[in-house]
Amino acid sequence: METPSPLPLSGKHVALGVTGSISAFKAADLASKLRQAGATVEVVMTPAATQFVTPLTFQSLTGRPVVVDMFAAAEAEAHVEVARRADVFVIAPATADCLARLAHGMTSDMVTLTALATTAPILTAPAMDNQMWEHPATQENVTTLRNRGVEFVGPMEGRLASGRSGLGRLAEVPQVVGAVRMLIGQRSGDLAGRHIVVSAGGTQEPLDPVRYVGNRSTGKMGFAIAEAARDRGAHVTLVTGPVALETPYGIHRVDVNTVAEMLVALEQATADSDAIIMSAAPADYRPANPSAHKLKKSSDEGALDIELVKNPDIIATLPAGGVRVGFAAETRNLEEYARQKLPAKRLDFIVANDVSAAGSGFGTDTNQVTIFHSDGRHEELPMMTKYAVGLAILDRVATRLSRGASR
Ligand code: PMT
């Protein structure tokens, strides 16, 4: 069966302004990644930018005409249309000169002209030498633009074209794409203004300073839900056990190791949340007496006995948190066990996955889940990407919130 994989930017128009920096070549990758995320991408360039990358490069990557010459009659008309259609206008790279002209409302090229002609949110990704970035003139322009609602992603610390190191590198492409997705969500998403808390990953309960009791959770499910919630405009707090995943742009991440730490972090995060989605795999038991020193292998053949004590059930312990969503990770009797957990954990609905099925559960990019509701209904969903599962969960959260579910 086909795996439904909705793209985060499908149906969205992104106008991309490119200005004359050595890092303009990275804008080609950005244009490509935005298109892969489902967006229609329309590029406007300054003449200086064309010294670094040709318009043909962007035209080939986006499948759309590129506008450079503001005096060509057809193109001048085109910029107004690009500005009108845009859901977001991202300028990457944005030079110091571009920021100065934006701050003063100048329209001397297609990029600044489009910025003045659009009502879409404007996102700039500055790139320049660190001394130019730190110069009071640039910083004043940045303050002016921020006060006017212009968003910034980066610049980053690192090696610069001059060979020096400092603050001035263009933000990485995934960060810029993340910022675009966040801004569009905040402008038009159905969860704008909501605070959604998501837990992810497994916990590690120490046996000694080098060993722990843990499980196979990679955090992929929770991170996908968090990204989906951000893309729909929510302010997202992601409480996660140790995982090897990058923090998605714009998401407030809290790292924890144990169930005790996860409980404290979630108590704090859910104090003002509209929903808690508990996709983490916290350990049910922990070693009763973790050793202060590394346990040594004994010389005889006897077994090592480790006493385990029960951990608190986090979601059952949390006071409220608005809409309450749990997961059930089962290898048998999926429905029976999931239905038992619903009232025991005071959940609005539970997302049950058979973690022994191919393509489902731990470490996969897909999941096949059945949602059991507190009113007795259930919905069996097809195999989907974890991002699509996240969207499906959030559809149901949004419905409950629109019906007035409260904190
Ligand atoms: O991270 P991935 O590799 O992407 O894998 C995703 C996943 C398999 C971990 C995820 O889809 C999933 O099923 N998460 C729930 C794992 C789990 O702990 O299931 P459970 O049936 O043991 O627990 C039921 C619910 O109680 C869960 O919402 C769990 O977060 C919560 N719980 C469990 C134990 C505990 N001490 N406190 C809890 O709050």
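These numbers were taken from a predicted model, which means no experiment stands behind them.

Conventions used here
Residues numbered from 1 in each chain as written. Predicted model: local features only at pLDDT ≥ 70, side-chain atom pairs only at ≥ 80, totals over all residues. Heavy atoms only, no water. Near = heavy atom within 4 Å. Polar contact = N/O pair within 3.5 Å; in protein donor to acceptor, adjacent residues only side chain to side chain. Areas by Shrake-Rupley, 256 points an atom, 1.4 Å probe, with all protein chains shown as cover. Helix = DSSP H or I, 4+ residues; strand = E, 2+ residues; numbered from the N terminus. Pairing = 2+ DSSP bridges. Axes fitted to C-alpha atoms, helices over the stretch in contact; angles between N-to-C directions. Parallel < 35°, antiparallel > 145°, perpendicular 65-115°, else oblique. Contact = heavy atoms within 4.5 Å. Nonpolar A, V, L, I, M, F, W, Y, C, P; charged D, E, K, R; others polar. Domains from an automatic or database assignment. Buried area = accessible area lost by both parts, 1.4 Å probe. Salt bridge = Lys/Arg side-chain N within 4 Å of Asp/Glu carboxyl O.

1. Some words on the site of the ligand
Here comes step 1: Every one of the 29 residues lining the ligand counts as a neighbour, but S217, T218, K341, N353 and K386 are closest to it.
Here comes step 2: Contact distances for the ligand include 2.8 Å between an oxygen atom and a backbone N or O atom of M278.
Here comes step 3: In isolation the ligand offers 770 Å² of accessible surface; the protein chains occlude 96% of this area.
Here comes step 4: The dominant element in the shell around the ligand, judged by the number of residues it contributes, is strand β16 (residues 323-330), at four residues.

2. Digging into the sheet that holds strand β2 (residues 40-45)
Here comes step 1: One open sheet accounts for five strands, arranged β2-β1-β3-β4-β5; its pairing is parallel. The open sheet has two edge strands with one neighbour each: β2 and β5 (151-152).
Here comes step 2: Here strand β1 (residues 13-18) runs beside strand β3 (residues 88-94); their pairing, made up of four bridges, is parallel. Counterpart to V14 in the pairing with β3 is V88.

3. Quick word on the packing of helix α8 (residues 173-188) against helix α9 (residues 220-231)
Here comes step 1: At a minimum axis distance of 7 Å, the contact between α8 and α9 shows a crossing angle of 50°. With respect to α9, the axis of α8 lies oblique. Together, G178, R181, M182 and G185 of α8 and E227, R230 and D231 of α9 make up the contact between the two elements.
Here comes step 2: Across the contact of α8 with α9, the residue classes break down as one nonpolar, two polar and four charged.

4. Regarding the domain arrangement of the protein
Here comes step 1: Each assigned domain of the protein is listed here: domain 1 (13-184) and domain 2 (190-284 + 303-402).
Here comes step 2: Using C-alpha coordinates to define each centre, domain 1 is positioned 37 Å away from domain 2.
Here comes step 3: When domain 1 packs against domain 2, close to 620 Å² is buried across both sides, 51% of that on carbon and sulfur atoms.
Here comes step 4: Where domain 1 meets domain 2, there are two salt bridges.
Here comes step 5: For D231, the salt bridge identified is with R181, shortest N-O distance 2.7 Å.
Here comes step 6: Our count for the contact surface shared by domain 1 and domain 2 stands at one residue pair in polar contact (both at pLDDT 80 or more).
Here comes step 7: In terms of residues, the side of domain 1 that touches domain 2 owes the most to one element, α8, which gives five residues.
Here comes step 8: The class makeup of the residues in the side of domain 1 that touches domain 2 is four nonpolar, two polar and one charged.

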